[in-house]
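# Architecture and fold: a report
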Amino acid sequence: MKRGTEGKRRPVTIHDVAREAGVSRGTVSRVLNGGHYVSPAAQTAVNSAIRRTGYVVNRHARSVITGRSDSVAFLLTEPQERFFEDPNFNVLLRSCTQALAAQDIPLLLMIAGSEAERRRNLRYIAAGHVDGVLLVSSHSGDPVVSDLQAAGVPVVACGKPLGQRTRVSYVAADDRDGAREMVRYLYASGRRRIATVTGPADTPGGVERLAGYRETLAECGLPADDALIAAGDYSRDSGEAAAELLLRRSPDLDAVFVASDLMAQGVLDALARAGRRVPEDVAVGGFDDSPAALSTRPPLTTIRQPWDRISTEMVRMLLAMIRGEESAAVILPTELVRRESA
């Protein structure tokens, strides 16, 4: 802050930064808007001057000039309770916030778990209050992607969107390969009655992880048995209910591949009530390597999704689209994490 003629403190302006850095006002403006056509020496000088003077960007003034809001939405198409229940959403939100903070861009959390919420959020987004959307947990048949594209809003999805007729930018873990690696691991440890609890059939994780499970059973020469497959919705309660169903159908099962760590918590609860020891009687493998994997007893063998890389890539791709670049897709490898449950 600078002092005016009457001793009052006034906000530091772009002119003060230019004077401190020994460059023109235009150079400071170019640095603030991405650093295009600015030499490294000038950029260093401007950034140092900003730190010394304590200059803070006037976002409203810049938005009037650029026509941008300089903010991004994190849009979750799930009910509010799922946001608080599933640790993956919180991990992803935190990582995206950190990646955007490095660019000095705020992130707005929006939840659209109902049709009314979806319409209200889309009106807000289409009105230009954000420059782009990081879309999380889109289901097959959900019109939110096409609605955003029709409104001309840049969007990057977490996970490969299902049933989309137009090209959509997305970042995803390799769900199918992760499932294959887990089932191969369970088979190599001597398990032959390997069941699975799937994710929802209208989500990319649900579809791809089930496909990986089926493919690997075939490779291992194990017969396909629908009695060993039960559906869940990624919640703990659904995992528990699915495990109870599997035990009734196939009491001889000796392993369960569960399509999320949160559902695996429910599976472990059901196995404990049934008197099945883990891993002695039944091995359990999860998917995500979320905080839920470390809170189970025993700790959960699982497939790690690279959440930091997923969020970093989503932010990078969205900012590129906001600058006018083409859509793209990135699929990232997963990793088997061995713990005591299998």
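Model, not experiment: these values are computed from the prediction.

## Remarks on the overall build of the chain
For the chain, the count of helices and strands is 14 helices and 14 strands. Its C-alpha atoms put the chain at 85 × 40 × 35 Å along the principal axes. Put simply, the chain has 342 residues, and 53% of those count as buried. Of the contacts formed within the chain by residues at least 6 apart in sequence, a portion of 69% connects residues at least 24 apart. Taken as a whole, the chain presents about 16,200 Å² of accessible surface, with 51% of it coming from carbon and sulfur.

## A closer look at the pattern of salt bridges
The tally for this structure, following the rule as stated, stands at 25 salt bridges. With its nearest N and O atoms 2.5 Å apart, the salt bridge here joins Glu-115 to Arg-118. Remark: Arg-118 and Glu-115 occur in helix α7 (residues 115-129); sequence separation between them is three residues, near one turn of the helix. A residue is classified by how much of its surface remains accessible, and Arg-118, at 13% relative accessible area, is buried. When salt bridges with common partners are traced through the structure, they connect Arg-176, Arg-180, Glu-208, Glu-215 and Glu-219 into a single cluster.

## Structural notes on the environment of Thr-301
Relative to the helices and strands, Thr-301 resides in the loop between α13 (292-295) and β12 (302-304). Sequence separation between Thr-301 and Ser-341 is 40 residues, and the spatial gap between their C-alpha atoms is 5.6 Å. The contacts of Thr-301, once residues within four sequence positions are left out, are Met-182, Tyr-185, Val-284, Gly-285, Gly-286, Leu-336, Val-337, Arg-338, Arg-339, Glu-340, Ser-341 and Ala-342. Here Ala-342 takes part through its backbone oxygen, which lies 3.3 Å from a polar atom of the side chain of Thr-301.

## A closer look at the nonpolar core
Membership of the largest hydrophobic core comes to 41 residues, with the highest contact counts inside it found for Val-256 and Val-284. Listed by contribution, the elements that provide at least two residues to this core are α9 (175-188), β8 (194-198), α10 (204-219), β9 (229-231), α11 (236-249), β10 (255-258), α12 (261-273) and β11 (283-285). A per-element tally of this core places α12 first, with six residues. Ranked by size, the runner-up nonpolar core spans 30 residues in total, among them Val-72, Leu-100, Met-317 and Ile-322.

## Focus on the packing of aromatic side chains
The geometry of two aromatic rings is summed up by the distance between their centres and the angle between their planes. Following the criterion strictly, the structure yields two aromatic pairs and no others. An angle of 55° between the planes, with centres 6.4 Å apart, marks the rings of Phe-257 and Phe-287 as tilted. Placement of Phe-257 in strand β10 and of Phe-287 in the loop between β11 and α13 is noted, with a sequence separation of 30 residues between them. For Phe-257, a relative accessible area of 1% gives the class buried. Stacked on the ring of Tyr-187, the Lys or Arg Arg-192 has its end atom at 3.8 Å from the ring centre. Over the ring of Phe-287 we find Arg-209; its NZ or CZ atom is 3.9 Å from the centre of that ring.

## Examining the sheet that holds β11
With respect to topology, four strands assemble into an open sheet ordered β9-β8-β10-β11, the strand pairing being parallel. The outermost strands of the open sheet, each flanked by one partner alone, are β9 and β11. Each neighbouring strand pair of the sheet contributes to a mean axis angle of 15°, computed without reference to strand direction. Sheet analysis places β10 next to β11, joined by three bridges and oriented parallel.

## Some points on the domain arrangement of the chain
Reports often express the size of an interface as the amount of accessible area lost when the parts come together. Its domain assignment divides the chain into domain 1 (2-57), domain 2 (72-173 + 308-332) and domain 3 (175-304). The C-alpha-based centres of domain 1 and domain 3 are spaced at 56 Å.

## Points about the side chain of Asn-88
Its location among the elements puts Asn-88 in helix α6 (residues 87-101). Given the relative accessible area of 9%, Asn-88 is considered buried. Among the polar contacts made by the side chain of Asn-88, one reaches the side chain of Asp-288 at a distance of 2.8 Å.

## Some thoughts on the packing of α9 against α10
The N-to-C vectors of α9 and α10 enclose an angle of 40°; their axes lie 7 Å apart at closest approach. Overall, the two elements α9 and α10 adopt an arrangement that is oblique. The handedness of the crossing between α9 and α10 is right-handed. Of α10, the residues touching α9 (which contributes Asp-175, Arg-176, Ala-179, Arg-180, Val-183 and Arg-184) are Pro-204, Gly-205, Glu-208, Arg-209, Ala-211, Gly-212, Tyr-213, Glu-215, Thr-216, Leu-217 and Glu-219.

Rules behind the numbers
- Residues numbered from 1 in each chain as written.
- Predicted model: local features only at pLDDT ≥ 70, side-chain atom pairs only at ≥ 80, totals over all residues.
- Heavy atoms only, no water.
- Helix = DSSP H or I, 4+ residues; strand = E, 2+ residues; numbered from the N terminus.
- Buried < 20%, exposed > 50% of the residue type's maximum accessible area, 1.4 Å probe, protein only.
- Contact = heavy atoms within 4.5 Å.
- Areas by Shrake-Rupley, 256 points an atom, 1.4 Å probe, with all protein chains shown as cover.
- Salt bridge = Lys/Arg side-chain N within 4 Å of Asp/Glu carboxyl O.
- Polar contact = N/O pair within 3.5 Å; in protein donor to acceptor, adjacent residues only side chain to side chain.
- Core = buried A, V, L, I, M, F, W, Y, C linked by side-chain atoms within 4.5 Å.
- Phe/Tyr/Trp six-rings, centres within 6.5 Å; stacked < 30°, edge-to-face > 60°.
- Lys NZ or Arg CZ within 6 Å of the ring centre and 35° of its normal.
- Pairing = 2+ DSSP bridges.
- Axes fitted to C-alpha atoms, helices over the stretch in contact; angles between N-to-C directions.
- Domains from an automatic or database assignment.
- Parallel < 35°, antiparallel > 145°, perpendicular 65-115°, else oblique.
- Left-handed = near helix turned anticlockwise from the far one by under 90°.

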